[in-house]
Amino acid sequence: MKNLLYILVIGLMLLCTSCGNKQKPSQRANVWKTEATISLSSDKVSVPFKRTMSGLAEVQVSLNGVPFNMYWDTGASITSISSLELAKLAKENKIRQEDLLGSVTSTYADGSSAEQPVFMIKEIFIQGNDGRYLILKNVETIISENSEAPLLIGQNIISNLPKHSFNESSMVTEFEK
């Protein structure tokens, strides 16, 4: 009984001392220079997706008017495309040298890192159902030198999206203003 009382007293003391300093976490600096603007064509937009074998949601998009498939990836800090898609955009005159913003050092899940160019994608158009759509403007996008790298919609977009939810039974992502 004394041991139980002793444990309760120590636990209460630890709880009181850890709560008393009221420290707040430091503000995180925005490492990206611009924030994308996001607009919906109506109050509610339902965007169809398909689940991949690995569980990612794949959506059809157009980058500066050129169609591609991209994945919603909550683990990616920034939107990214491969050098192959960059070459296709350049070939179709949909991206220019002036769209190069600089470079960043990216760190991968395996701990390795690489310097990667950052380009401004002027528009990502995501077609929804019933003629409705979602438009993302001025999206900073890193370019992977790996031509087989997947196209990812990262946190620089996801964290700024309006209220949204995945409806697995209908295979749509529902966005609301």
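In this text the structure is predicted, and so the values were computed from the model without any measurement.

How each quantity is defined
Residues numbered from 1 in each chain as written. Predicted model: local features only at pLDDT ≥ 70, side-chain atom pairs only at ≥ 80, totals over all residues. Heavy atoms only, no water. Core = buried A, V, L, I, M, F, W, Y, C linked by side-chain atoms within 4.5 Å. Buried < 20%, exposed > 50% of the residue type's maximum accessible area, 1.4 Å probe, protein only. Helix = DSSP H or I, 4+ residues; strand = E, 2+ residues; numbered from the N terminus. Contact = heavy atoms within 4.5 Å. Pairing = 2+ DSSP bridges. Axes fitted to C-alpha atoms, helices over the stretch in contact; angles between N-to-C directions.

**Comments concerning the nonpolar core**
For soluble globular proteins, the rule of thumb is that nonpolar side chains tend to be buried together.
(1) Moving on: With 31 residues, the main nonpolar core has Leu 63, Trp 72 and Ile 126 as its most contacted residues.
(2) Moving on: At the level of elements, β2 (44-48), β4 (57-63), β5 (66-72), α2 (83-91), β8 (113-127), β9 (133-144) and α3 (155-158) are the ones that each hand at least two residues to this core.
(3) Moving on: Excluding anything up to four places from it in sequence, Trp 72 contacts Leu 56, Ala 57, Val 59, Ile 126, Ile 153, Ile 158, Leu 161, Phe 166, Thr 173 and Phe 175.

**So, the sheet that holds β2**
(1) Moving on: Taken together, 3 strands build an open sheet; the order of strands is β2-β12-β11 and the sheet is antiparallel. Edge strands, defined here as strands with exactly one partner in the open sheet, are β2 and β11 (164-167). Adjacent strand axes in the sheet meet at a mean angle of 20 degrees, parallel and antiparallel pairs treated alike.
(2) Moving on: Strand direction decides the pairing type here: β11 and strand β12 (residues 172-176), joined by 4 bridges, are antiparallel. Of the residues in β12, the one forming a bridge with Ser 165 is Glu 174.

**A closer look at the pairing of β5**
(1) Moving on: Burial of β5 is one-sided: the residues Val 66, Phe 68, Met 70 and Trp 72 facing one way are buried, the residues Pro 67, Asn 69 and Tyr 71 facing the other way are not.
(2) Moving on: Of the strand pairs in this sheet, β4 and β5 are connected by 7 bridges, and their pairing is antiparallel. Directly across from Glu 58, in β5, lies its bridge partner Tyr 71.
(3) Moving on: With antiparallel pairing between neighbouring strands as the criterion, β4 and β5 make up a hairpin whose turn holds 2 residues, including Asn 64 at a positive phi of roughly 50 degrees.
(4) Moving on: Relative to strand β10 (residues 152-153), β5 runs parallel, the two sharing 2 bridges.

Everything listed is a geometric property; what it means functionally is a separate question.
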